[in-house]
Amino acid sequence: MQKWQAEYQKKLVNPGEAVKLIESGQTIVLPLGAGEPSVLLAALVRRKDELEGVTLHQMLPIRSHAYLQPGMEKSIRHNSWFTSGVSRGMVQQGIADVTPNYFFDAPRLMAEYLDVDVLMATVSPMDEHGFFSFGLSIDYTSSVAQRAKAVILEVNPNMPRTLGDSFIHISQVTLIAESDISLPELKPLPISDTELAIGRYIADLIEDGSTVQLGIGGIPNAVAHCLHDKADLGIHSEMLTDGMVDLVEKGVVTGRRKSMHPRKIIGSFAFGSERLYRFLDNNPMVEMHPVSYTNDPLIIGQQYKAVSVNAAMEVDLIGQCASESIGPIQFSGTGGQADFARGVLRSEGGKGFIAIASTAKKGTVSKIVPMLQQGAIVTTSKNDVDHVVTEYGVAKLRGKTIRQRAEAMIAIAHPDFRDQLREAAHKLNFV
Ligand code: COA
């Protein structure tokens, strides 16, 4: 105990000192979402005039740090592995880069293709054995920490100490800075009638004893809300959310019937409200793992009745899902959508759902289209899609012909667009 405390004190510096380690031309990796080290990043940005050609690789940045502002790219350039509201502008202007990836593959891609100089991450305070928990962001972070030439930690008492394969030992750490800044939160938004209708259709098809993954966005959140009368659900998901806490507290999630990790909630990162973060703190019911494990389709496939629920921007009549772009304009990223879509199809009794409102832009645009817009990025292939759900019903596509798929998709489109979809389907010889 004392030995680790002494080592901690030796490595403890102020944030400005810590980032002096970083030199021009270096490659930095940051955790995703709420794991980003805000105080270290602010200190790094203060050095912008001394630095040139530093690359910051990250998924889903949350806070609008100055390195995400135009004009910074010569000194510190962002490389987006999943684009968010604060990085979208830079990506769309071509002054930040995008690295395409399946989430499960991100740790391996980073190991094979990045020569990582520095990993910087927020962690929970050190325990008596000298370990820090990566808390809300294990994903690729813990794997990169094993290879980076230097590891700088921002120790923050607000970071929950999550359990599982989520720790790093003081002996592997280069420098430490401390902060007590509040963590970024994602407060649950009110659920719309459309989202509720979609949630009900999906909940009807989720059987008791299933193990569920819920993705990012309003609809997966509504699905959690509609699962309150189920029994013995399990959770195996890349992302852990507030909706899952409700299900645990209502006794719906017990994990009793999980074939892998029974009684445990398995996740790789968490993003939500303070309530979620307190739920995760030191909770033996929750195990965090690297995303190379949670999202490996072969692992997901071993789970009995694995269910995935994810959202999309556009789906065409044969079931191709453009979930991360609007036409060629990058909006988010592949994330784990394709990993789970593939994984659940390998699972005994598994089911995949792509859930979309039938329209966007206040009802003026159909999200079901004859063909995806030119340049749209296909996140989930027609061969991996199982069900597509809108507020008008469920289209079961797996195992169906192109003709049957087109018919099923037209039937769940908004009534205002069905005639034109049918006409287009005729022209394309789908029906
Ligand atoms: N045409 C034009 N605009 C569209 C559109 C379409 N077909 N579909 C959606 N939009 C617009 C919406 O109007 C909205 O615009 P606004 O921000 O100006 O209101 C915006 O795009 C976002 O749409 P919304 O439906 O609110 O998105 P969401 O927050 O529910 O997220 C995804 C949906 C698809 C972006 C998100 O689920 C995603 O990134 N998925 C891919 C990754 C993934 O699923 N990973 C697995 C789990 S983490």
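The next point concerns the overall build of the protein. Within the protein one finds 15 helices and 26 strands. Its C-alpha radius of gyration of 22 Å places the protein within 12% of the 22 Å reference for a compact globule of 431 residues. Its C-alpha atoms give the protein principal-axis dimensions of roughly 70 × 50 × 35 Å. Burial analysis of the protein (431 residues in total) assigns 59% to the buried set. Long-range contacts, defined as pairs at least 24 residues apart, comprise 71% of the intrachain contacts of the protein with a sequence gap of at least 6. Carbon together with sulfur atoms contributes 51% to the accessible area of the protein, which is approximately 17,100 Å² in total. Averaging the positions of the 42 positive and the 48 negative side-chain charges in the protein gives two centres separated by 4 Å.

The next point concerns the site of the ligand. As a matter of local geometry, the ligand sits amid 24 residues, with Glu238, Met313, Ser332, Gln337 and Lys367 nearest to it. Between the ligand and Lys367 there is a distance of 2.9 Å, counted from a nitrogen atom to a side-chain nitrogen or oxygen. The fraction of the free accessible surface of the ligand (970 Å²) that becomes covered by protein chains is 73%. Classifying every residue of the shell around the ligand by side-chain character gives 9 nonpolar, 11 polar and 4 charged.

Moving on, we get to helix α3 (residues 38-45). The buried fraction of α3 is high, at 6 of 8 residues. Those residues of α3 that fall on the buried side of the exposure criterion are Ser38, Leu40, Leu41, Ala43, Leu44 and Val45.

Right, let's talk about the side chain of Ser38 for a bit. Structurally, Ser38 can be placed in helix α3. With residues up to four places along the chain from it excluded, the contact list for Ser38 reads Arg63, His65, Glu154 and Ile181.

To continue, consider the environment of Thr359. Counting through the fold element by element, Thr359 comes out in strand β22 (residues 359-360). For Thr359, a relative accessible area of 17% gives the class buried. Measuring from C-alpha to C-alpha, the distance between Thr359 and Asp416 comes to 9.9 Å, with 57 residues separating the pair along the chain.

As a further point, take the pattern of salt bridges. Summed over all chains, the structure comprises 19 salt bridges. In this structure, Glu112 engages Arg108 in a salt bridge whose closest nitrogen and oxygen atoms are separated by 2.8 Å. A residue pair is termed a helical-turn pair when its members lie 3 or 4 positions apart in one helix, as Glu112 and Arg108 do in helix α5 (residues 106-113) at 4 residues. Using a relative accessible area of 55% as the deciding quantity, one classes Arg108 as exposed. Salt-bridge contacts for Glu207 lead to Lys351; the nearest nitrogen and oxygen are separated by 3.1 Å. Of this pair, Glu207 sits in the loop between α7 (193-205) and β10 (211-214) while Lys351 sits in strand β21 (residues 351-355), and the two are 144 residues apart along the sequence. Through salt bridges with shared partners, a single ionic network connects Asp115, Asp117 and Lys149.

Moving on, we come to the nonpolar core. Grouped together as the largest cluster of nonpolar side chains are 74 residues, with contacts concentrated most on Met59, Leu119, Phe132, Phe134, Ile202, Ile206 and Leu240. When residues of this core are assigned to domains, at least three fall in each of domain 1 (2-178) and domain 2 (193-427). Setting aside chain neighbours within four positions, we find Leu240 in contact with Ile235, Ile265, Ile266, Gly267, Phe269, Ala270, Phe271, Leu276, Leu280, Val286 and Met288. Counting residues in each nonpolar core, the second largest holds 23 residues, with Ile28, Ala43, Ile76 and Val118 among its members.

Here α7 crosses helix α8 (residues 218-225) at 55°, and the two axes come no closer than 8 Å. When the interaxial angle is binned, α7 and α8 end up oblique. Regarding α7 and α8, the two cross each other, and that crossing is right-handed. Counted together, Glu195, Leu196, Ile198, Gly199 and Ile202 of α7 and Gly218, Ile219, Ala222, Val223 and His225 of α8 form the full contact between these two elements.

Across the sheet, which stays open at both edges, the 3 strands sit in the order β18-β17-β24 with mixed pairing between neighbours. At either end of the open sheet lies a strand with only one pairing partner, and these are β18 (321-322) and β24 (368-369). Sheet analysis places strand β17 (residues 314-316) next to β18, joined by 2 bridges and oriented antiparallel. Among the inter-strand pairings, Val315 is bridged to a residue of β18, identified as Cys321.

This paragraph deals with the domain arrangement of the protein. Taken domain by domain, the protein comprises domain 1 (2-178) and domain 2 (193-427). Of the roughly 2,600 Å² buried where domain 1 meets domain 2, counting both sides, 65% is carbon and sulfur surface. By the criterion of area lost to domain 2, the three top residues of domain 1 are Phe103, Phe104 and Leu136, representing 23% of everything that side buries. Here domain 1 and domain 2 share 0 salt bridges between them. Applying the counting criterion to the domain 1 and domain 2 interface returns 15 residue pairs in polar contact (both at pLDDT 80 or more). Residue contributions to the side of domain 1 that touches domain 2 peak at 3 residues, all from helix α4 (residues 88-93).

It is worth spelling out unusual backbone geometry at this point. Despite not being glycine, Leu60 shows a phi value in the positive range, around 45°. Position of Leu60 among the secondary structure elements: in the loop between β2 (54-59) and β3 (76-82). Positive phi, close to 70°, is recorded for Arg263, a residue that is not glycine. Topologically, Arg263 is positioned in the loop between α9 (242-249) and β13 (265-267). Overall, the relative accessible area of 53% leaves Arg263 in the exposed class.

Thresholds applied
Sequence order as written defines residue numbering, which begins from 1 separately in each chain. A pLDDT threshold of at least 70 governs which residues receive local features in this predicted model, and a stricter bar of 80 or more applies before side-chain atom pairs are shown or counted, although totals over entire chains, interfaces and linings include all residues. The side-chain numbers reported here are obtained from all heavy atoms of the structure, hydrogens and water having been left aside. The numbering of helices and of strands both runs from the N terminus, where a helix is a DSSP run of H or I of at least 4 residues and a strand a run of E of at least 2. This radius of gyration counts C-alpha atoms alone. The globule rule is 2.2 Å times how many residues there are, raised to the power 0.38. Burial status follows relative accessibility: with a 1.4 Å probe on protein chains alone, a residue under 20% of its type maximum counts as buried, one over 50% as exposed, and anything between as partly exposed. We call two residues in contact whenever any of their non-hydrogen atoms come within 4.5 Å of each other. Computed with the Shrake-Rupley method and a 1.4 Å probe, the accessible areas treat only the protein chains shown as cover for residues. Charged residues are defined here as Lys and Arg on the positive side and Asp and Glu on the negative side; His and the ends of the chain fall outside this count. To locate a charge, take atom NZ for lysine, CZ for arginine, CG for aspartate or CD for glutamate. We call a residue near a molecule or strand when any one of its heavy atoms sits within 4 Å of it. By the criterion applied in these results, polar contacts are pairs of N or O atoms within 3.5 Å in which, for protein atoms, one can donate a hydrogen and the other can accept it, and in which residues neighboring in sequence qualify only through two side-chain atoms. Gly falls in the polar group here, along with every residue not listed as nonpolar (Ala, Val, Leu, Ile, Met, Phe, Trp, Tyr, Cys, Pro) or charged (Asp, Glu, Lys, Arg). Each salt bridge in this description consists of a side-chain nitrogen of Lys or Arg and a carboxyl oxygen of Asp or Glu lying within 4 Å of one another. Side-chain atoms within 4.5 Å are what join buried Ala, Val, Leu, Ile, Met, Phe, Trp, Tyr and Cys residues into a set we call a nonpolar core. Start and end points for every domain follow an automatic or database-based domain assignment. A fitted line through C-alpha atoms serves as each axis, taken over the contacting stretch for helices, and the angle formed by two N-to-C directions is quoted from 0 to 180°. Roughly parallel covers angles under 35 degrees, roughly antiparallel covers those over 145, roughly perpendicular covers 65 to 115, and oblique covers all other angles. Here a crossing is taken to be left-handed if its near helix is turned anticlockwise relative to the far helix by less than a right angle, and right-handed if that turn runs clockwise. Two strands qualify as a pair provided DSSP detects at least 2 bridges between them. By buried area we mean the combined loss of accessible area, with a 1.4 Å probe, across both parts when two parts are placed together.

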